[in-house]
Amino acid sequence: MTITDIQNKISEEFAVFDDWIDKYNLLVEMGKDLPLIDARYKTNNHLISGCQSKVWLHAAYEDGKVIFTADSDAVITRGIISLLIRMYSGQKPEDILNSDLSFLDDIGLKDQLSPNRSNGLLSMIKQMKLYAQVFKLKSDTESNH
Amino acid sequence: MFDLEAIREQFPALHQKVYNKPLVYFDNAATTHKPLAIIERISHYYRCENSNIHRGVHYLSQQATEAFEEARRFAASMINAVKAHEIIFTKGATEAINLAAHSFGRMRMKPGSSILVTAMEHHSNLVPWQQLCLEYNGKLLVTPMDELGQIDLQAYTQLLDQQPVIVAITHTSNALGTINPVKTMIRMAHDRNIPVLVDGAQAIAHTEIDVQDLDCDFFAFSAHKAYGPMGAGLLYGKEKWLEAMPPYQFGGEMVDSVSFDKTTFNVLPFKFEAGTPNVEAVLGMETALRFIRNTGYEAIATHEKELLDYATAQLSQIPGIRFFGQAPEKASVISFLIGDVHPFDLGTLLDKMGIAVRTGHHCAQTVMDFFNIPGTVRASFAVYNTTHEIDTFVAAVKKAALMLS
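Residues numbered from 1 in each chain as written. Chains lettered and ligands numbered in written order. Predicted model: local features only at pLDDT ≥ 70, side-chain atom pairs only at ≥ 80, totals over all residues. Heavy atoms only, no water.

## Quick notes on the overall build of chain A
Next, step 1: A tally of regular secondary structure across chain A gives six helices and two strands.
Next, step 2: Going from N to C terminus, chain A has its helices and strands arranged as α-α-β-β-α-α-α-α.
Next, step 3: Dimensions along the principal axes, computed over C-alpha positions, put chain A at roughly 55 × 30 × 25 Å.
Next, step 4: Across the 145 residues of chain A, 44% fall into the buried class.
Next, step 5: Counting only carbon and sulfur atoms, one obtains 49% of the accessible surface of chain A, whose full area is about 7500 Å².
Next, step 6: When the 16 positive and 21 negative side-chain charges of chain A are each reduced to one mean point, those points stand 5 Å apart. (Helix = DSSP H or I, 4+ residues; strand = E, 2+ residues; numbered from the N terminus. Buried < 20%, exposed > 50% of the residue type's maximum accessible area, 1.4 Å probe, protein only. Areas by Shrake-Rupley, 256 points an atom, 1.4 Å probe, with all protein chains shown as cover. Lys, Arg positive; Asp, Glu negative; His and termini not counted. Charge placed at Lys NZ, Arg CZ, Asp CG, Glu CD.)

## Details of the sheet that holds strand β6 (residues 139–143) of chain B
Residue and element names in this part refer to chain B.
Next, step 1: The mixed open sheet is built from seven strands, whose spatial order is β4-β10-β9-β8-β7-β5-β6. The open sheet has two edge strands, β4 (87–90) and β6, and neither has a second partner. The sheet shows a mean angle of 20 degrees between the axes of neighbouring strands, direction not considered.
Next, step 2: Strand direction decides the pairing type here: strand β8 (residues 196–199) and strand β9 (residues 218–222), joined by three bridges, are parallel. Pairing of Leu197 across the sheet is with Phe218, part of β9.
Next, step 3: Contacts from helix α4 (residues 93–108) reach β4, β7 (166–170), β8, β9 and β10 (233–237) within the one sheet, and its direction differs from that of β9 by about 150 degrees. (Pairing = 2+ DSSP bridges. Axes fitted to C-alpha atoms, helices over the stretch in contact; angles between N-to-C directions. Contact = heavy atoms within 4.5 Å.)

## Some words on the interface of chain A and chain B
Next, step 1: On the side of chain B, 15 residues touch chain A, which itself brings 17 residues to the contact.
Next, step 2: Counting across the interface, chain A meets chain B through zero salt bridges.
Next, step 3: Our count for the contact surface shared by chain A and chain B stands at three residue pairs in polar contact (both at pLDDT 80 or more).
Next, step 4: Going through the elements one at a time, α2 (20–31) and α3 (75–88) of chain A are the ones with two or more residues in the side of chain A that touches chain B.
Next, step 5: By residue number, the principal contributor to the side of chain A that touches chain B is α2 of chain A, which donates five residues.
Next, step 6: Residue composition of the side of chain A that touches chain B, by class: seven nonpolar, seven polar and three charged. (Salt bridge = Lys/Arg side-chain N within 4 Å of Asp/Glu carboxyl O. Polar contact = N/O pair within 3.5 Å; in protein donor to acceptor, adjacent residues only side chain to side chain. Nonpolar A, V, L, I, M, F, W, Y, C, P; charged D, E, K, R; others polar.)

## Here we look at the pattern of salt bridges
All names here are of chain B.
Next, step 1: On inspection of all chains with the given rule, the structure shows 25 salt bridges over all chains.
Next, step 2: Here Glu253 ties to Arg55 by a salt bridge, and the two come within 3.1 Å at their closest N and O atoms. Of the two residues, Glu253 is situated in the loop between α9 (239–244) and β11 (255–258) and Arg55 in the loop between α2 (36–49) and α3 (59–78); the sequence distance between them amounts to 198 residues.
Next, step 3: Classification of Glu253 by relative accessible area gives buried; the value is 13%.
Next, step 4: We classify Arg55 as partly exposed; its relative accessible area is 45%.

## Description of α2 of chain A
Next, step 1: The terminal C-alpha atoms of α2 of chain A lie 17 Å apart, and with twelve residues this matches the ideal 16 Å at 1.5 Å per residue to within 8%.
Next, step 2: If you check which residues of α2 of chain A are buried, you get Trp20, Ile21, Lys23, Tyr24, Leu26, Leu27, Val28, Met30 and Gly31 of chain A.
Next, step 3: Along its buried surface, α2 of chain A packs onto α1 (3–15) and α3 of chain A together with β2 (21–22), α12 (343–352) and α14 (387–404) of chain B. (Expected span 1.5 Å × (residues − 1).)

## Some remarks on the sheet that holds strand β17 (residues 376–380) of chain B
Paired through their backbone hydrogen bonds, the strands of a sheet run either parallel or antiparallel.
Residue and element names in this part refer to chain B.
Next, step 1: Overall, antiparallel pairing links the four strands, which are arranged β13-β14-β17-β16 in an open sheet. Of all the strands in the sheet, the pair left with one neighbour each is β13 (321–324) and β16 (358–360). The mean inter-strand angle of the sheet, taken between neighbouring strand axes irrespective of direction, is 30 degrees.
Next, step 2: The pairing of β13 with strand β14 (residues 333–338) spans four bridges and is classified as antiparallel. Bridge pairing in β14 links Arg322 to Leu337.

## Observations regarding the packing of α1 of chain A against α3 of chain A
Packed helices, taken two at a time, are described by the angle between their axes plus the distance between the axes.
Residues and elements named next belong to chain A.
Next, step 1: Axis separation between α1 and α3 bottoms out at 8 Å; the angle between their running directions is 145 degrees. Contacts between α1 and α3 involve Ile3, Ile6, Gln7, Lys9, Ile10, Glu13 and Phe14 on the former and, on the latter, Leu83, Arg86, Met87 and Tyr88.
Next, step 2: Classifying every residue of the contact of α1 with α3 gives seven nonpolar, one polar and three charged.

## Side note on the environment of Asp152 of chain B
Residues and elements named next belong to chain B.
Next, step 1: Locating Asp152 in the fold gives a position in the loop between β6 and α6 (153–160).
Next, step 2: When the C-alpha positions of Asp152 and Ala81 are compared, they lie 29 Å apart, and in sequence the two are 71 residues distant.
Next, step 3: In contact with Asp152, other than residues within four places in its own chain, are Thr143, Pro144 and Met145.
Next, step 4: Of note is the side chain of Asp152, whose polar atom sits 3.1 Å from the backbone nitrogen of Gln154.
Next, step 5: A distance of 3.0 Å separates the side chain of Asp152 from the backbone nitrogen of Ala155, its partner in a polar contact.

## Things to note about the pairing of β17 of chain B
All names here are of chain B.
Next, step 1: With respect to burial, β17 is a largely interior element, five of its five residues being buried.
Next, step 2: Covered by surrounding structure in β17 are Thr376, Arg378 and Ser380 together with Val377 and Ala379, the residues of both alternating faces.
Next, step 3: As paired elements, β16 and β17 share three bridges and run antiparallel to each other. In the strand pairing of β17, Arg358 is matched with Arg378.

Structure below.
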């Protein structure tokens, strides 16, 4: 599935609920499906700064695709990062870099998006895109040789 | 006569909805809302009085200068300073403590000197002293606390025997609510000729401060935590210290005469007030202090104690709740966690229910480390809060805890 397909699917899942409580419950549920980071990567090196809760993120590059794993000590944060991973993990670096995130507005997470929000949603997206950028550069350099 | 409704009427920001729910504002230890009188005072300054103070010969400048100096006299009377020029206006408690650390601290520090703080300091009253110690290869001594969040006075005595050059203690802990026995601690330090700075950021809105009775050498607070505007605060210092201290910042206003070879400095308090001050915030601070005086510390304390006791009793009924900071002498601050629920999760859901609380380490990471927790949820009450709001809050906490467990 393309990133847009996945975004549409996530939007549909959230659209079922009107009440914010149900939306957050869904987010908490999503957190339970998070592809967990390997324990050996759960170190300060893999912490994303800018979050009030701890978020560990690991990225690997396999067959031209970025594979993300993560964990958090807060369940809402775990839900947010799992949603991002569902969207980005297994995608090509350039698709991640070119992705549009306006769907987050639709699913009612818009108020979580402001930069001063301590949940670190923006920091997570920035870090994921940074990994994509690095992998892209690496593969560009390799194909030039 | 304490009229809660009449007080609430004075705070326009309280009467709004967030996410379609009536706002319940329990983040008062971070900053309080402002009564109309302050909003109008600031507006009046810009409508009628705006001009640069202390310099102009013209009418407006003289009016503004007089208002500014009246604010100083009032602040002095509020905390019972002997002289108005013992009040140095700053942008807040943080700058006040930095002023003391940079000027007074440097004057006293020698290589290897020590400074004594407590285990419950806000970063503002910890990092400036720590950095000073690093600069002088000195030692930062920390008075420990117990599990209830009370200072260990026996350990304090022993640490005083190491002859620190200054003791810096918080009057009231922002993270735990503990009210420290500062008067006793000051007397103990003075018995050994050690001066004491008191961080009063969490005290000034809740309890009467008499710097002569406390006999503290320095006292710092911010206006914005006491119904006043942001960007104003003060450092009280005993005249004998302020006279002896070198300037902290240099520039306009704080000078007497300037040539390219040398500069002589202005007298107190101006020698510590370089540059154009935040005049409207200082005037707003005066109005805020008058609001507190008119409401009365006794009435404020009685009401806030009622809120604290009621909220503590209601929250205690929630299974798995843990309170951090259970000192018998406690301000209207409740720091807590429920089971394994992360404070961020709880705070996020409370926000969605219209309730503003603080989550995280509250700029007191060492306090969180002591309890070995990532942070807490903190509800802090002000004079305008109600028991009805506490009912809403407790119901919301229960609902959120259910969702998250």
